[in-house]
Amino acid sequence: MHFFSVFTLMTLVHILIIIGVSYRVIQVRLPVAVSLAWLILVFFLPLAGAIAYLVLGEKRLGHKFATRAQEIKGRYDSWLRELPPEIRSDPRRLSPVAQSINLLAQTTEHIPALSGNRLQLLDAAEPILHALISDIDRAKRFCHLEFYIWAEGGAADEVAAALLRASGRGVICRVLLDAVGSAQFLKGSLVEQLRAGGVEVAFALPVSSFSVFKVRPDLRLHRTLVVIDDTAGDTGSFNMVDPRFFKQDAGVGEWVDAMVRLKGPGVLALNALFRWDWEVETGRDMDVPAESEDPYNVLQPGEKNVQVIPSGPGMTGSGIYQLLLMSIYSARQEIVMTTPYFVPDDAVTTALLTAAERGVRVTIIVPERNDSRLVHYTCRSYFDGMLAAGIQIFGFKGGLLHTKSVVVDREIALFGSVNLDVRSFWLDFEVTLGVYDPDFAGRLLALQDTYIQDSTSVDQQTWEQRPNKERFLENLARLASPLL
């Protein structure tokens, strides 16, 4: 009798967990594929599924984050409204497609395209790091740096030394790092040296065993931003690492990346985004007038139209996702993409297949080897349909290709930190630079072509002859794609 009482109680608890979590999943109205994945997990593993859902199921940033964001929102809205007309891009001078993308980005993320910029594409770690060190050494007022990963070693330590020199001569230096991505750096000695030298270092979205049920632990700050004196800015997907020393035991070679160095009004938007992230995380307002006496002294160094497009769970959330879909559907001739993590959802997959089937040349460049086995197999699971539609796929052999870039019709470029996966679209805080300029698009295409030259083309006939074991692993991994 006792056995049946325990069994009955366990069955009742089992049923109540399934009903309770299922009700919550339905009420939250997650994407259908994600909701079904959670419902299946909870049905077969009620206790583990319920705990997993409580930790990872919803985009919870916590009361403190929400309160701070609400407190400072008005000031940033005011800053956007007061941007002078002379630095706003004239929509009439943009191509029809660029006009549409600009309007959508401005509607969803509220930052307009800005004109009068000069852009430099830095295509490797050495020039990126040397340019950062040079800019920091010339800084007079402030240096703002924001990265997902900072890892000690090599030229990355030289950047830290430059910050210490700058701080020593009275320059305000602030560094914002993701607490998970830079966890090893947090434990190292360099962070204490920076702080002792007057450099302000903060870690965003910290995780602890006490916070996981209040703040979702895998919502990460994935942006790359550098702003020096409101006169120079950098963005892309480069982490503050020297590839010669970073993850050398991962078996994927050195990380290969790129950055855009920016001068002009777009730098003001990059700094506004840094300020937002810094204030939301630290609660400390930054005294901009004291840092920059004339923030519009950068009005006319060039002619490029750029748009800083932030995204993340604390913002409108779907802005960059909508922009990517619109860019794909707007293409008439060619789309070239590079990404280390290619795990598109159904909508992006359909957009790419539709583009190829209506005659657009679609090229996707991914690393031949990936630092995540799960992502490696999930990515490959999409190749069958892509190849059948005529999409060209290249596997980069020269290391872990980490550049995230999209070029549409040789006139529009999207360049930044966003991977082509669900995580970047919905869960991480990202930044993308929209560039509406054929010259820059051509330079980025030339860089993408160098990646192709060091790649192996995926041949459809050879691909279809791969072992059944590989097919099974790919299909199995794909089941996890809605949750990646």
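Above this text sits the structure in question.
Residues numbered from 1 in each chain as written. Predicted model: local features only at pLDDT ≥ 70, side-chain atom pairs only at ≥ 80, totals over all residues. Heavy atoms only, no water.

*Asks:* It is not clear to me how the overall build of the chain should be interpreted in this structure. Could you clarify?
*Replies:* A tally of helices and strands in the chain yields 19 helices and 19 strands. Taking 484 residues into account, the globule formula puts the C-alpha radius of gyration at 23 Å, and the chain, at 23 Å, falls close to it. Relative to its 484 residues, the chain shows a buried fraction of 57%. Here the analysis covers contacts within the chain between residues at least 6 apart in sequence; of these, 83% occur between residues at least 24 apart. Element-wise, carbon and sulfur atoms account for 58% of the exposed surface of the chain, whose accessible area totals about 21100 Å². Within the chain, one finds 47 positive and 55 negative side-chain charges whose respective centroids are separated by 3 Å. (Helix = DSSP H or I, 4+ residues; strand = E, 2+ residues; numbered from the N terminus. Rg over C-alpha atoms; globule rule 2.2 N^0.38 Å. Buried < 20%, exposed > 50% of the residue type's maximum accessible area, 1.4 Å probe, protein only. Contact = heavy atoms within 4.5 Å. Areas by Shrake-Rupley, 256 points an atom, 1.4 Å probe, with all protein chains shown as cover. Lys, Arg positive; Asp, Glu negative; His and termini not counted. Charge placed at Lys NZ, Arg CZ, Asp CG, Glu CD.)

*Asks:* Help me understand the pairing of strand S18 (residues 430-436) in this model?
*Replies:* Burial runs high along S18: seven of the seven residues are buried. Neither face of S18 is exposed, since Glu-430, Thr-432, Gly-434 and Tyr-436 on one face and Val-431, Leu-433 and Val-435 on the opposite face are all buried. With six bridges joining them, strand S9 (residues 304-311) and S18 adopt antiparallel strand pairing. Note that in S18 the partner of Val-306 across the bridge is Val-435. In the sheet, strand S16 (residues 412-416) pairs with S18 via five bridges, with the strands oriented antiparallel. Along S18, the bridge assignment pairs Phe-415 with Leu-433. (Pairing = 2+ DSSP bridges.)

*Asks:* Help me understand the pattern of salt bridges in this model?
*Replies:* If the charged atoms of two oppositely charged side chains come close together, the side chains can form a pair. Going through the model one piece at a time under the given rule, you end up with 25 salt bridges. For Arg-174, the salt bridge identified is with Glu-200, shortest N-O distance 3.6 Å. One end of the pair, Arg-174, is in strand S3 (residues 172-178); the other, Glu-200, is in strand S4 (residues 200-204), with 26 residues separating them in the sequence. Among the salt bridges present, the one from Asp-437 reaches Lys-304, with a minimum N-O distance of 3.1 Å. Note that Asp-437 is positioned in the loop between S18 and helix H17 (438-453) and Lys-304 in strand S9, a separation of 133 residues in sequence. By the burial criterion, Asp-437 is buried, and Lys-304 matches it. One network of salt bridges, with partners in common, ties together Arg-380, Asp-384, Arg-466, Glu-470 and Glu-474. (Salt bridge = Lys/Arg side-chain N within 4 Å of Asp/Glu carboxyl O.)

*Asks:* Help me understand the nonpolar core in this model?
*Replies:* Nonpolar side chains tend toward joint burial in soluble globular proteins. One finds Phe-440, Leu-444 and Tyr-451 to be the most contacted residues of the largest nonpolar core, which totals 57 residues. Among the elements that line this core, the one with the most residues is helix H10 (residues 266-282), at nine residues. Look past the residues within four positions of Leu-444 in its chain and what remains in contact with it is Leu-121, Ser-405, Val-407, Ala-413 and Phe-415. Counting residues in hydrophobic clusters, the runner-up holds 54 residues, among them Phe-246, Ala-351, Ile-393 and Trp-463. (Core = buried A, V, L, I, M, F, W, Y, C linked by side-chain atoms within 4.5 Å.)

*Asks:* Help me understand helix H19 (residues 468-478) in this model?
*Replies:* Since the α-helix advances by 3.6 residues per turn, residues separated by three or four positions end up pointing in the same direction. Every buried residue belonging to H19 is among Glu-470, Glu-474 and Ala-477, and all of these are buried. All buried residues of H19 fall inside an arc of 70 degrees around its axis, so they share one side. For H19, the exposed residues set more than 90 degrees away from the buried face come down to Asn-468, Lys-469 and Phe-472. On its buried face, H19 is in contact with helix H14 (373-380) and helix H18 (460-464). (Arc of directions from axis to C-beta.)

*Asks:* How do you make sense of the state of the cysteines when you look at a structure like this?
*Replies:* Here a disulfide denotes a covalent bond joining the sulfur atom of one cysteine to the sulfur atom of another. Under the counting rule described, the total for this entry stands at zero disulfides. For Cys-173, which is in no disulfide, the shortest distance to another cysteine sulfur is to Cys-143 and amounts to 4.3 Å. (Disulfide = S-S within 2.5 Å.)

*Asks:* Looking at this model, I keep getting lost on unusual backbone geometry. Mind explaining?
*Replies:* Leave glycine aside and you will find that most residues have negative phi; peptide bonds, for their part, are mostly trans. Notably, Asp-230 is not glycine yet its phi reads approximately 60 degrees, a positive angle. Secondary-structure assignment places Asp-230 in the loop between strand S5 (225-228) and strand S6 (232-236). A positive phi is found at Asp-409, a non-glycine position, where the angle reads about 55 degrees. For Asp-409, the location among the structural elements is in the loop between strand S15 (404-408) and S16.

*Asks:* Explanation requested: the packing of helix H12 (residues 319-330) against helix H13 (residues 346-357) in the structure shown.
*Replies:* Pairs of packed helices are described in terms of their axes, by the angle between the two and the distance that separates them. Look at H12 against H13: their axes get within 9 Å of each other, and the N-to-C directions meet at 15 degrees. Taken as axis vectors, H12 and H13 run roughly parallel relative to one another. Every pair of crossing elements has a handedness; the one defined by H12 and H13 is left-handed. In this structure, H12 uses Tyr-321, Leu-324, Leu-325, Ile-328 and Tyr-329 to contact H13, whose residues at the interface are Ala-347, Val-348, Thr-350, Ala-351, Leu-352, Thr-354 and Ala-355. (Axes fitted to C-alpha atoms, helices over the stretch in contact; angles between N-to-C directions. Parallel < 35°, antiparallel > 145°, perpendicular 65-115°, else oblique. Left-handed = near helix turned anticlockwise from the far one by under 90°.)

*Asks:* Any chance you could explain the packing of aromatic side chains here in plain terms?
*Replies:* Think of a pair of aromatic rings as described by two things: how far the centres are apart, and how the planes are tilted against each other in angle. The final tally for this structure, using the stated rule, is 12 aromatic pairs. Between the aromatic rings of Trp-38 and Tyr-53, the centroid separation amounts to 5.4 Å while the plane-to-plane angle is 85 degrees, which identifies the pairing as edge-to-face. A residue pair is termed long-range when its members are at least 10 positions apart, and Trp-38 in helix H2 (residues 32-44) and Tyr-53 in helix H3 (residues 46-56) qualify at 15 residues. With respect to burial, Trp-38 and Tyr-53 carry one shared label: buried. Look at Phe-342 and Tyr-382: their rings are 6.1 Å apart centre to centre, the planes differ by 75 degrees, and that puts the pair in the edge-to-face class. Here Phe-342, found in strand S11 (residues 342-343), pairs with Tyr-382, found in the loop between H14 and helix H15 (383-388); they are 40 residues apart in sequence, far enough to count as distant. For the pair Phe-342 and Tyr-382, one class covers both residues: buried. (Phe/Tyr/Trp six-rings, centres within 6.5 Å; stacked < 30°, edge-to-face > 60°.)

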